[in-house]
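Each chain, letter by letter, is given below.
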Amino acid sequence: MSLGFSVSGRIGKPVAEVFDAVVNPKKLSGYFTTIGGASAPLVAGAKVVWWGKVPVEVDEVEKNNRIVLRWDATDADGKPAYKTRIEMNFEPLDDGGTFVTIAEAGWHEDAVGLKKSYLNCEGWSQMLACMKAYVEYGINLRDGYYRSEMKGEPASEDNI
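An unreviewed UniProt entry lists the chain under the name ATPase, from Mesorhizobium wenxiniae. Of the chain, the UniProt comment under Sequence similarities (unreviewed entry) reads exactly: "Belongs to the AHA1 family."

As structure tokens, then:
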């Protein structure tokens, strides 16, 4: 068994618009990968870079429905040791909005895995809040949100 979590939220826009806010690198960089950006669109089989330094492997993209990604989890020394799996699901709602669920799993069941899973849970929760503000109102909540970003640096576990 491995550690994992799931976070969810409603975005008050149609699923196609919400989905595009994740797969489109310009839009993703407007509220999430704000420092360093996103290097390319999310398409199945692609390897993209977020924040100018974080490699992301795109396993699956099912338009307006689901995205599956993998990225490095680090060990106690901060070196990539294995990958975690991120699954994003986009559910159209009867009111015209979209219910987004982001699940990440695969951390080792140890103190380091537990700590890093909590940090990523915080990050994905914050991403959903920022996505809602950006997609619904055009506001970038992430700008200056973390201490690191106030300095112009991407957030990491050592500088948030």
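Looking only at helices and strands, the chain has 4 helices and 6 strands in total. Listed N to C, the secondary structure of the chain is β-α-α-β-β-β-β-β-α-α in terms of helices and strands. Over its C-alpha atoms the chain spans a radius of gyration of 15 Å, differing by no more than 12% from the 15 Å that the globule rule assigns to 160 residues. Its C-alpha atoms give the chain principal-axis dimensions of roughly 45 × 35 × 25 Å. Burial analysis of the chain (160 residues in total) assigns 40% to the buried set. Looking at the chain alone, contacts between residues at least 24 apart form 48% of all its contacts between residues at least 6 apart. Of the accessible surface of the chain, which amounts to about 8,100 Å², a share of 53% is contributed by carbon and sulfur atoms. Of the side chains in the chain, 18 bear a positive and 23 a negative charge, and the two mean positions are spaced by 4 Å.

Over its 27 residues, helix H3 (residues 111-137) runs 39 Å from end to end, which matches the ideal 39 Å to within 8%, given 1.5 Å per residue. For H3, the N-terminal capping position is held by aspartate 110, with its side-chain oxygen 3.3 Å away from the main-chain nitrogen of valine 112. Glycine 138 sits one or two residues past H3 and shows a positive phi near 75°.

Residues Tyr137, Ile139 and Leu141 make up a contiguous nonpolar surface patch of about 320 Å² in total accessible area. Along the chain, the position of tyrosine 137 falls in helix H3.

Another aspect to go through is the sheet that holds strand E3 (residues 54-62). Strand order across the open sheet formed by 6 strands is E1-E6-E5-E4-E3-E2, with antiparallel pairing between neighbours. The sheet is open, and its two edges are formed by strand E1 (3-11) and strand E2 (47-50), each paired on a single side. Neighbour-to-neighbour, the strand axes of the sheet open up by a mean angle of 25°, direction not taken into account. In this fold H3 packs onto E1, E2, strand E4 (66-74), strand E5 (80-92) and strand E6 (98-107), with an angle of close to 10° to the strand it touches most, E1.

What follows deals with the packing of helix H1 (residues 15-23) against H3. As a packed pair, H1 and H3 sit with axes 11 Å apart at the nearest point and diverge in direction by 120°. Taken together, the axis directions place H1 and H3 in an arrangement best described as oblique. Classified by chirality, the crossing of H3 by H1 is right-handed. Of the residues in H3, those touching H1 at Glu17, Val18, Ala21 and Val22 are Met127, Met131 and Val135.

Reading the values: the criteria
The written sequence of each chain sets the order in which its residues are numbered from 1. Thresholds applied to this predicted model are a pLDDT of at least 70 for local features of residues and 80 or more for the giving and counting of side-chain atom pairs; totals over whole chains, interfaces and linings are not thresholded and use all residues. Each side-chain value is worked out from all heavy atoms of the structure, with water and hydrogens disregarded. UniProt positions are given in the numbering used here, feature names are shortened, and annotations may be inferred rather than shown by experiment. Secondary structure elements are defined from DSSP: runs of H or I of at least 4 residues count as helices, runs of E of at least 2 residues count as strands, and each element is numbered from the N terminus. We take the radius of gyration over the C-alpha atoms and set the globule estimate at 2.2 Å times the residue count to the 0.38 power. To sort residues, take the accessible area from a 1.4 Å probe on protein chains only and compare it with the maximum for the residue type: under 20% means buried, over 50% means exposed, and anything in between is partly exposed. Residue contacts follow a heavy-atom distance rule, with two residues in contact if any of their heavy atoms lie within 4.5 Å. For the accessible areas, the method is Shrake-Rupley and the probe is 1.4 Å, while residue cover comes only from the protein chains on display. In this tally, Asp and Glu contribute negative charge and Lys and Arg positive charge; neither His nor the terminal groups of the chain are included. By convention, charge coordinates are those of NZ in Lys, CZ in Arg, CG in Asp, or CD in Glu. Under the convention used throughout, the expected extent of a helix is 1.5 Å for every residue step, that is, one less than its residue count. Within 3.5 Å is the distance limit for a polar contact, defined as a pair of N or O atoms, with the added protein rule that one can donate a hydrogen and the other accept it, and that residues adjacent in sequence qualify only through two side-chain atoms. Residues form patches when they are more than 30% accessible in relative terms and have no salt bridge. Like charges link within 9 Å. Nonpolar side chains (Val, Leu, Ile, Met, Phe, Trp, Tyr) link within 5 Å. Salt bridges are defined as contacts in which a side-chain nitrogen from Lys or Arg sits within 4 Å of a carboxyl oxygen from Asp or Glu. When DSSP finds at least two bridges between two strands, those strands are taken to pair. What counts as an axis is a line fitted to C-alpha atoms, over the stretch in contact for a helix, and the angles between N-to-C directions run from 0 to 180 degrees. Roughly parallel means an angle under 35 degrees; roughly antiparallel means over 145; roughly perpendicular covers 65 to 115; every other angle is labelled oblique. Take the far helix as your reference; a near helix turned counterclockwise from it by less than a right angle gives a left-handed crossing, and one turned clockwise gives a right-handed crossing.

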